[in-house]
Amino acid sequence: MNKPAVLIARAVFPEVVERLARYVEVEANQEDRVFSKAELIERLRGKTGAFTTGSVVIDAELLDANPQLKVVANMAVGYNNFDVSACTARGVLCTNTPDVLTETTADFGFALMMAAARRMTEAEHYLRRGEWNRWFYDMFVGSDIHGATLGILGMGRIGQAIARRGAHGFGMRVIYHNRSALSAQVEAECKATYVSKETLLRESDHLIIVVPYSKESHHAVGAAELAMMKPSATLTNIARGGVVDDAALADALADRRLAAAGLDVFEGEPQVHPRLLTVPNVVLTPHIASASVATRRAMAELAADNLIAALGLGPNAGKPPTPINPEVLRA
Ligand code: 8YV
């Protein structure tokens with residue numbers, strides 16, 4: 001029997017390519033070229049499955065050009081690069097990689113928030129420039145984390161993991177806003193209190209954004225929302241570019257209407273809004289919140305598990321562990 005053919009659209013751990021190759025005919029992209037849409041459509045010809053990352057867009061046009069495609073397996077928990085309803089309508093299964101990256105991503109969100117609040121990169125740049133010639137009393141004074149109010153916008157798995165760190169590790173008061181309130185039990189575990197979005201913006205000393213990107217969350221934090229925040233507050237975005245209006249954020253940082261920000265994701269990344277590159281009070285990282293060795297391996301393995309199982313192969317044949325649109329499996 002012919003093995004089904006799969007495109008691995010971006011470079012990934014060689015062991016994962018080898019594992020997939022035991023089950024399927026693999027076309028890999030280990031040189032990690034970023035395919036244009038036309039090239040991606042071409043390379044998917046005859047492929048039943050695709051292994052994707054967050055930058056690989058799967059939309060109706062691509063699906064219509066490749067009606068043989070059965071599964072798209074994202075090596076990411078976020079899946080705004082997929083048009084899920086277009087996939088579902090065409091019987092294409094979508095999968096993602098939740099859970100395995102929760103704690104690592106929460107660690108990073110916390111680190112970015114702390115780096116922004118304590119002005120770490122600003123101070124490091126000063127030191128590297130050779131400007132440190134004496135100590136002075138208010139040199140790079142920032143704001144405290146312990147005892148402060150931590151605000152979380154989007155209280156899914158990663159938001160909850162950040163809440164636990166803040167409440168239990170740093171004695172923070174934790175408030176959150178979400179589409180719906182969590183159960184009383186989860187709220188108690190996270191020591192977190194549900195508030196309106198306006199209260200969240202007004203009361204947070206440190207606001208972390210962990211809400212998935214969608215049309216509804218586009219610019220959820222823009223000029224009007226930033227204006228509600230305390231001038232002493234920090235904002236950290238580890239969710240997706242586009243949830244925050246980066247131009248409005250750059251203005252608020254430049255005018256010191258907001259003390260500092262930590263950003264791991266950007267509108268139009270890998271491009272970064274030019275004004276964000278010039279304001280000193282922002283810590284910038286290139287979308288690495290899930291980037292620990294162990295977690296990136298776990299994400300790649302889970303994406304491969306999904307792909308293999310969705311193609312009816314391997315020990316979990318027909319039962320991919322983390323489907324996004326499981327109704328496709330039942331159809
Ligand atoms: C990925 C992410 O590194 O999982 C997500 O949603 O944003 C990151 O963990 C990125 O999307 C690459 O696929």
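Residues numbered from 1 in each chain as written. Predicted model: local features only at pLDDT ≥ 70, side-chain atom pairs only at ≥ 80, totals over all residues. Heavy atoms only, no water.

S.K.: Explain the packing of aromatic side chains to me, please; I cannot follow it from the model alone.
M.R.: By convention here, two paired aromatic rings are described through the distance between centres and the angle between planes. Applying the stated criterion to the full structure yields three aromatic pairs. Between Phe 110 and Phe 170, the ring centres sit 4.9 Å apart and the planes meet at 35°, which makes this aromatic pair tilted. In this pair, Phe 110 is assigned in helix H5 (residues 102-117) and Phe 170 in helix H7 (residues 157-170), connecting sequence segments 60 residues apart. Of the residues examined, Phe 110 reaches a relative accessible area of 4% and is grouped as buried. (Phe/Tyr/Trp six-rings, centres within 6.5 Å; stacked < 30°, edge-to-face > 60°. Helix = DSSP H or I, 4+ residues; strand = E, 2+ residues; numbered from the N terminus. Buried < 20%, exposed > 50% of the residue type's maximum accessible area, 1.4 Å probe, protein only.)

S.K.: Is there a simple way to explain the side chain of Ser 217 in this structure?
M.R.: Of note, Ser 217 is situated in the loop between strand S9 (206-209) and helix H10 (223-228). The buried category is assigned to Ser 217, whose relative accessible area is 7%. At 2.8 Å, the side chain of Ser 217 forms a polar contact with the backbone nitrogen of Ser 214. Apart from the residues within four sequence positions on either side, Ser 217 is in contact with Val 211, Pro 212, Gly 242 and Val 243. (Polar contact = N/O pair within 3.5 Å; in protein donor to acceptor, adjacent residues only side chain to side chain. Contact = heavy atoms within 4.5 Å.)

S.K.: Could you clarify how one ought to interpret the sheet that holds strand S6 (residues 149-153) in this entry?
M.R.: Sheet strands pair via backbone hydrogen bonds, and the direction of the pair is either parallel or antiparallel. Reading across the sheet, the seven strands line up as S8-S7-S6-S9-S10-S11-S12 and stay open at both edges, with parallel pairing between neighbours. The strands lining the two open edges of the sheet, one partner per strand, are strand S8 (192-194) and strand S12 (282-284). Strand-to-strand twist in this sheet, taken as the mean axis angle between neighbours without regard to direction, amounts to 20°. Across four bridges, strand S10 (residues 234-237) lies against strand S11 (residues 260-263) in parallel orientation. Looking at S11, one finds that Leu 235 is bridged to Ala 261. In the packing of helix H11 (residues 246-254) onto the sheet, contacts are made with S10, S11 and S12, and the angle to S11 comes to roughly 145°. (Pairing = 2+ DSSP bridges. Axes fitted to C-alpha atoms, helices over the stretch in contact; angles between N-to-C directions.)

S.K.: What exactly am I supposed to notice about empty space enclosed by the protein here?
M.R.: Over the atoms rolls a probe the size of a water molecule, and in doing so it shows where empty space is left. Within this structure, the stated rule accounts for one cavity of 30 Å³ or more. Approximately 40 Å³ is the volume attributed to the largest cavity. Around the largest cavity sit Ala 116, Arg 119, Thr 121, Glu 122, Ala 260, Pro 280, Asn 281, Val 282 and Val 283, which together line it. Those elements that provide at least two residues to the lining of the largest cavity are helix H6 (120-128) and S12. Of the residues contributing to the lining of the largest cavity, the split by class is five nonpolar, two polar and two charged. (1 Å grid on protein atoms, 1.4 Å probe; cavity = no way out; pocket = protein on both sides within 12 Å on 5 of 7 lines; lining within 4 Å. Points joined across faces, edges and corners; volume = space filled by probe spheres on them. Nonpolar A, V, L, I, M, F, W, Y, C, P; charged D, E, K, R; others polar.)

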